[in-house]
Amino acid sequence: MTSTKSKNFALACIVLTAVLSQPGCKPTDLSKENLIPKPVSVTATGSSFDLTDQTDIYVQGESEELLRIGQYLADKLNPSTELGLEVKTTTEAPATGNIFLSLAANDAELGNEGYELTITDKSVNLVANKPAGLFYGVQTIRQILPAKVEMTTKQKGPWKLATGTIRDTPAYGYRGSMLDVARHFFGVDDVKNFIDQLAYYKMNVLHLHLSDDQGWRIEIKSWPNLTAHGGKTEVGGGEGGFYTQEQYTELVKYAQDRFVTIIPEIDMPGHTNAALASYPELNCDGKATELYTGIEVGFSTLCTNKEVTYQFIDDVIRELAALTPGEYLHIGGDESHATKIEDYIPFMNRVQDMVIAHGKKVLAWDEIALATLKPNTVVQYWAKAENAIKGVAQGAKVLMAPAKSAYLDMQYDSTSTYGLHWAAYIEVDKGYNWDPANLVPEIKKENIIGIEAPLWSETVGARQEAEYLIFPRLLGYAEIGWTPSELRNWDEYKVRLASHGERMRMMNINFYPSKLVPWDGQTKK
Ligand code: IFG
């Protein structure tokens, strides 16, 4: 070979190596994708599927729900790719080069939320027993594409999906978070934004803490002063706020379209100063209290021996149940230090019956286990394992929300800008390194309906402040709720989490750049 030819050959090899080493160019390895939550099984076949301007999203049959899921995917991919993906219906598999969403006959292993995603160089097939499974497979498709797909402005391609098969299904049916909108009020847009973030990480419950000492946040038409007066302020004396029933209904629908169930909480008999300030008759002495803007707890109680109290509660439950398609209403029950236990027990027994009479099941903080639990009442373990254990002894299921492991309002460490630390400091690894089924020996996996990571808002009042506490820990809770514990370990997870730093940045999430995570250069600085 002449020297010129050998030089050209060498140059060609260098160029080819350079080109193939670009992330978008080399045959991709599906098993190396940094998916959160980690799927149950991934088989890579080492090639890639190209999304092009010829690609469309086909859904099987004419179902509104599948069309909506297809459109959701198109709306997530089109702004950054500008490929103009369209959603079309079909009765059989579409031509090559397209994405196809279809419902399976019955792939028992996948349950109601699982999916099977098969990607070849010619097609993307997403199959599930139920629409929820397709929705979760769509989140996985988003995460297989480069992080910049999450941008809302045109980004440079190529847009390749690594080929292979993912079969995936969640460990727990209840994978949730809680937003305390009572201490500080968060408007509709902030809540919708949080619902989008929950959905992206396959979480499916948003518990809204709608009332407390500092604020009443949901319009109750039969007791208008609850919001007119009780919604007027918040911790620190700010202007507070509330959701009209129309806005609450809008949030419920927005959540439902993303397979997120909203569970409303009206905390009682404690944590009720906003109601007590709004209606004198709810107080035992017949005098309305002052509005409260501090952060003490345990000083308020409804008057449990007045009939008007139960009329009030029944009206609230009736109106809330009518607005809430989900099966649970949360009645709080925590820190009722101003209520005698001999009054607390009959009160919680009676209120459970009222919730059931309005067609809903009861969820409540773990103190409710001191009362008589009605069938289907779920005990939310937050502070005292002995309460949750009492609940199990009464045959109740447990929702795991242990303050020492899962409270999003706990500071990361003593230097954290926001948060409290009465329960613990919870760095990102501590928030990940626990297994709900092994935390309390007497609470077994079969007793647990799932996990919830609550954000109490005493110390945060704006989206960016809340996100500093919520992220990146929420991603770990999402994985704990979805991925079997035997597939989870911190050293492997933290690398996947690090790659989500770029994704969270692209989604404008103000996450805490914990030093325990090997973030990319952009995050570290
Ligand atoms: N405990 C109180 C919350 C909130 C929290 C802050 C529960 C169930 C401390 N009750 O957690 O109202 O003040 O971390």
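First, a word on what this report is: a plain description of the structure on this page. (Residues numbered from 1 in each chain as written. Predicted model: local features only at pLDDT ≥ 70, side-chain atom pairs only at ≥ 80, totals over all residues. Heavy atoms only, no water.)

### Section: the overall build of the chain
The cut-off we apply is this: Secondary structure elements are defined from DSSP: runs of H or I of at least 4 residues count as helices, runs of E of at least 2 residues count as strands, and each element is numbered from the N terminus. A radius of gyration in this sense is built from C-alpha atoms; the matching globule rule multiplies 2.2 Å by the number of residues raised to 0.38. For every residue, the accessible area obtained with a 1.4 Å probe (protein chains only) is divided by the maximum for its type, and the residue is called buried under 20%, exposed over 50%, and partly exposed between those limits. Should any heavy atoms of two residues lie within 4.5 Å, those residues are considered in contact. The Shrake-Rupley method, run with a 1.4 Å probe sphere, supplies the accessible areas, and residue values consider only the shown protein chains as cover. Residues counted as positive are Lys and Arg, residues counted as negative are Asp and Glu, and His and the chain ends are not counted. Charged side chains are reduced to one point each, which is NZ for Lys, CZ for Arg, CG for Asp and CD for Glu.
Within the chain, the regular secondary structure consists of 17 helices and 15 strands. A compact globule built from 525 residues should have a C-alpha radius of gyration of about 24 Å, and the chain, at 25 Å, falls within 12% of that. For the chain, the spread of C-alpha atoms along the principal axes amounts to about 105 × 55 × 45 Å. Taken over 525 residues, the chain has a buried fraction of 57%. Taking the contacts inside the chain whose residues are at least 6 apart along the sequence as the reference set, 72% of them involve residues at least 24 apart. Here the chain has roughly 20600 Å² of accessible surface; of this, 54% comes from carbon and sulfur atoms. The chain carries 50 positive and 67 negative side-chain charges, and their two centres are separated by 6 Å.

### As for unusual backbone geometry
With omega at 0°, the peptide bond leading from Ile36 into Pro37 counts as cis. With respect to the secondary-structure elements, Pro37 resides in the loop between α1 (3-21) and β1 (41-51). A positive phi angle, close to 55°, is found at Phe259, a residue other than glycine. By the element assignment, Phe259 lies in the loop between α6 (245-256) and β10 (261-268).

### Digging into the nonpolar core
The tendency in soluble globular proteins is for nonpolar side chains to be buried as a group. As a reminder of what qualifies: We call a set of buried residues a nonpolar core when its members are Ala, Val, Leu, Ile, Met, Phe, Trp, Tyr or Cys and they connect through side-chain atoms within 4.5 Å of each other.
The biggest cluster of nonpolar side chains holds 102 residues, and the ones touching the most others in it are Leu206, Trp216, Tyr243 and Phe312. Here this core gets eight residues from one element, more than from any other, and that element is helix α8 (residues 307-323). Residues within four places of Phe312 in sequence aside, it is in contact with Trp216, Trp223, Leu226, Ala275, Leu282 and Leu302. Counting 38 residues, the second largest nonpolar core, distinct from the first, contains Ile69, Ala74, Leu117 and Leu161.

### Remarks on the sheet that holds strand β12 (residues 361-365)
Using the following cut-off: Pairing between two strands requires that DSSP report at least two bridges joining them. The axes used here are C-alpha line fits, helices contributing only the stretch in contact, and every angle between their N-to-C directions lies in the interval 0 to 180 degrees.
As summarised here, the arrangement of the eight strands in space is β8-β9-β10-β11-β12-β13-β14-β15, forming a closed barrel in which the pairing is parallel. Averaged over all pairs of adjacent strands, the angle between strand axes in this sheet comes to 30°, irrespective of strand direction. Here strand β8 (residues 174-180) pairs with strand β15 (residues 448-455) via six bridges, running parallel. Looking across to β15, one finds that Leu179 is bridged to Leu455. Of the strands in this sheet, β10, β11 (328-332) and β12 touch helix α9 (residues 341-357), which is tilted by about 160° from β11.

### What to know about the sheet that holds strand β2 (residues 57-60)
Sheets are built from strands that pair by backbone hydrogen bonding, the pairs being arranged parallel or antiparallel. Judged by pairing direction, the sheet is mixed, and its seven strands sit side by side in the order β1-β7-β5-β6-β4-β2-β3 without closing on themselves. One side of each edge strand has no neighbouring strand; the edge strands of this open sheet are β1 and β3 (87-90). Within this sheet the neighbouring strands show an average axis-to-axis angle of 25°, counted without direction.

### A look at the pairing of strand β14 (residues 397-400)
Note the following rule: By the criterion used throughout, a crossover qualifies as right-handed when its path from the first strand across the helix to the second strand runs clockwise, the strands pointing away from the viewer.
Pairing analysis gives four bridges linking strand β13 (residues 378-381) to β14, with the strands arranged parallel. Across the sheet, Val378 pairs through a bridge with Lys397, a residue of β14. Each parallel crossover has a hand, and the one from β13 via helix α10 (residues 385-393) to β14 is right-handed. Note: β14 against β15, three bridges, orientation parallel. From the neighbouring strand, Val398 faces β15, where its bridge partner is Ile448.

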